[in-house]
Amino acid sequence: MKVLMVEPGMEPYEKELNGLKEMQQAVGGLIQAIYPFEDKVAVVCDDEGMLKPNEFNRSMPGGYGGVFGPFFVCGLGVDDFVSLTPEQMQVYKKQFHQAELLLGVKGNTPVTLRVEPFKKRDGPKKERDKGAER
């Protein structure tokens with residue numbers, strides 16, 4: 001299924017996930033679904049994301065607080081998760097485009113600062129990047 005992957009500090013990107021094992025690998029643990037939007041989508045994250053040393057990722061509407069660690073957004077079928085429609089993909093890319101820095105918490109509401117995200121970099125690093133690592 002085609003999902004929108006959202007990692008802390010990073011720009012969201014499309015990813016293909018097939019089966020429970022790949023979903024668990026994508027979020028780094030046992031999956032938990034939350035439903036902060038009226039649209040037929042789920043935000044799938046690590047069930048123990050707040051208990052692990054995960055970075056704050058994004059705040060969620062509807063009293064859900066925030067998500068720690070990576071998560072993905074997928075569509076909802078009758079009994080299971082399904083691919084996002086192209087329209088949903090665009091809506092949630094925009095929704096989660098800006099990264100967030102957690103400044104504090106007021107009740108169950110994260111107080112965050114929205115910042116420009118880093119782009120996901122795939123593949124081998126280029127020679128010019130090697131000097132920047134040192």
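Above this note sits the structure.
Residues numbered from 1 in each chain as written. Predicted model: local features only at pLDDT ≥ 70, side-chain atom pairs only at ≥ 80, totals over all residues. Heavy atoms only, no water.

Here we look at the overall build of the protein
Here is step 1: Counting its regular elements, the protein contains 3 helices and 10 strands.
Here is step 2: When the helices and strands of the protein are read in sequence order from the N terminus, they spell out β-β-α-β-β-β-β-β-β-α-β-β-α.
Here is step 3: The dimensions of the protein, computed from C-alpha atoms along their principal axes, are 50 × 35 × 30 Å.
Here is step 4: Per-residue burial for the protein yields a buried fraction of 37% across its 134 residues. (Helix = DSSP H or I, 4+ residues; strand = E, 2+ residues; numbered from the N terminus. Buried < 20%, exposed > 50% of the residue type's maximum accessible area, 1.4 Å probe, protein only.)

Notes on a nonpolar patch on the surface
Here is step 1: A cluster of nonpolar side chains, namely L101, L103, V111 and L113, defines an oily patch on the protein surface of about 360 Å² accessible area.
Here is step 2: Position of V111 among the secondary structure elements: in strand 10 (residues 109–115). (Patch = residues over 30% accessible without salt bridge, like charges linked within 9 Å, V, L, I, M, F, W, Y side chains within 5 Å. Areas by Shrake-Rupley, 256 points an atom, 1.4 Å probe, with all protein chains shown as cover. Salt bridge = Lys/Arg side-chain N within 4 Å of Asp/Glu carboxyl O.)

Let's talk about the pairing of strand 5 (residues 56–60)
Here is step 1: Buried residues dominate strand 5, accounting for 5 of its 5 residues.
Here is step 2: Taken together, the 4 bridges between strand 5 and strand 6 (residues 65–68) define a ladder with antiparallel strand orientation. Paired with F56 across the strands is F68, a residue of strand 6.
Here is step 3: As consecutive antiparallel partners, strand 5 and strand 6 are separated by 4 residues, and within that stretch G62 has a phi angle of approximately 75°, a positive value. (Pairing = 2+ DSSP bridges.)

Brief notes about the environment of L102
Here is step 1: Here L102 lies in strand 9 (residues 99–106).
Here is step 2: Residues L102 and N57, 45 residues apart in the sequence, show an inter-C-alpha distance of 8.4 Å.

Here we look at the packing of aromatic side chains
Here is step 1: One pass over the full model with this rule turns up 4 aromatic pairs.
Here is step 2: Judged by centre distance (6.1 Å) and plane angle (75°), the rings of F37 and F96 are edge-to-face. Residue F37 is found in the loop between strand 3 (31–34) and strand 4 (41–46), and its partner F96 is found in the loop between helix 2 (86–95) and strand 9; the two are separated by 59 residues along the sequence. Like F96, F37 is buried.
Here is step 3: When the centroid spacing of 5.2 Å and the interplanar angle of 75° are considered together, the rings of F71 and F96 count as edge-to-face. You can see F71 sitting in strand 7 (residues 71–76) and its partner F96 sitting in the loop between helix 2 and strand 9, a full 25 residues away along the chain. (Phe/Tyr/Trp six-rings, centres within 6.5 Å; stacked < 30°, edge-to-face > 60°.)

A look at the nonpolar core
One broad trend across soluble globular proteins is that nonpolar side chains are buried collectively.
Here is step 1: Membership of the largest hydrophobic core comes to 15 residues, with the highest contact counts inside it found for L4, V43, M60, F71, V73, Y92 and F96.
Here is step 2: No other element matches the 3 residues that strand 4 contributes to this core. (Core = buried A, V, L, I, M, F, W, Y, C linked by side-chain atoms within 4.5 Å.)

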